[in-house]
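# Summary of the model geometry
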Amino acid sequence: MPSRPTFDAQQLDLLGGAQSAPAEVHRLFFALMPDEVTRNSLSRTADALKAGHAALRTRWIAPERYHATVHFLGDHPMLRQDVIQGAKAAGDALVASSFDWSLDLASTFRGREPPLILRGSIVPDALQQLWQNLREKLIRAGQGAQMERTFTPHVTLGYSRGGMLEPTPIEPVPWRVERLALIHSVVGQKDYEVLQRWELAR
């Protein structure tokens, strides 16, 4: 997922003067979270890319943080309960089916530290429909401010410090996608908090 701006806060030092201190940045997003088998397959793919593309000097993401963002709901200086409630209402209203997704290409997106990502040469219709339907539900729930107009589903494995990777075929990673999650993270901290999960219809 692309890096987002951080927030600054003013706090008083022991003598009563103001000093700048970093504030927590609370990030909210909908994501597909891989099961353990899929996560292990993604990790093995990352290891293979690490061995074969050392020149990229990649900062690798821990496997427990692998995910595919469906909709980003913003970075906030505090945990916004209104955004959470709107997101949960949208998730509750969503009707979507489970599907199979094959990740068979590695590449990088442009950026200061280009994200090294996996994506599929084919986007399943059910995945595109999930994105579109959830987008509509979020707009109806008053959470349309951050909505993207396009969707390139992917899993980020790391961030390159050594250039770009042209689209490269890899051994396909099969993923049976069966659930959607609303995620809260504090930027710079290790763990994600799953606020709610929704099972996709079989």
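Figured I'd write up the structure that's included with this text. (Residues numbered from 1 in each chain as written. Predicted model: local features only at pLDDT ≥ 70, side-chain atom pairs only at ≥ 80, totals over all residues. Heavy atoms only, no water.)

Strand order in the open sheet formed by four strands is β5-β3-β10-β11, with antiparallel pairing between adjacent strands. The outermost strands of the open sheet, each flanked by one partner alone, are β5 (68-76) and β11 (192-199). Here the strands of the sheet are splayed against their neighbours by 15° on average, with no regard to which way each runs. Alignment of strand β3 (residues 26-32) against strand β10 (residues 179-186), held across six bridges, turns out to be antiparallel. Counted as the bridge partner of H26 is V186 from β10. In the packing of helix α3 (residues 125-140) onto the sheet, contacts are made with β3, β5 and β10, and the angle to β5 comes to roughly 30°. (Pairing = 2+ DSSP bridges. Helix = DSSP H or I, 4+ residues; strand = E, 2+ residues; numbered from the N terminus. Axes fitted to C-alpha atoms, helices over the stretch in contact; angles between N-to-C directions. Contact = heavy atoms within 4.5 Å.)

F30, L32, L73, W101 and L180 are the most contacted members of the largest nonpolar core, which totals 43 residues. Looking at which element gives the most residues to this core, the answer is α3, with five residues. In this view, L32 contacts H67, A68, V70, F99, W101, L127, L130, W175, V177, R179 and L180; residues no more than four positions away in its chain are not counted. Ranked by size, the runner-up nonpolar core spans five residues in total, among them A31, F72, A181 and I183. (Core = buried A, V, L, I, M, F, W, Y, C linked by side-chain atoms within 4.5 Å. Buried < 20%, exposed > 50% of the residue type's maximum accessible area, 1.4 Å probe, protein only.)

Positionally, S160 belongs in strand β8 (residues 155-160). For S160, a relative accessible area of 0% corresponds to the buried category. Among the polar contacts made by the side chain of S160, one reaches the main-chain amide nitrogen of G162 at a distance of 3.1 Å. Each residue touching S160, except ones within four places of it in the same chain, is listed here: L56, R57, T58, E113 and P114. (Polar contact = N/O pair within 3.5 Å; in protein donor to acceptor, adjacent residues only side chain to side chain.)

By themselves, these are just geometric observations and shouldn't be taken as functional.
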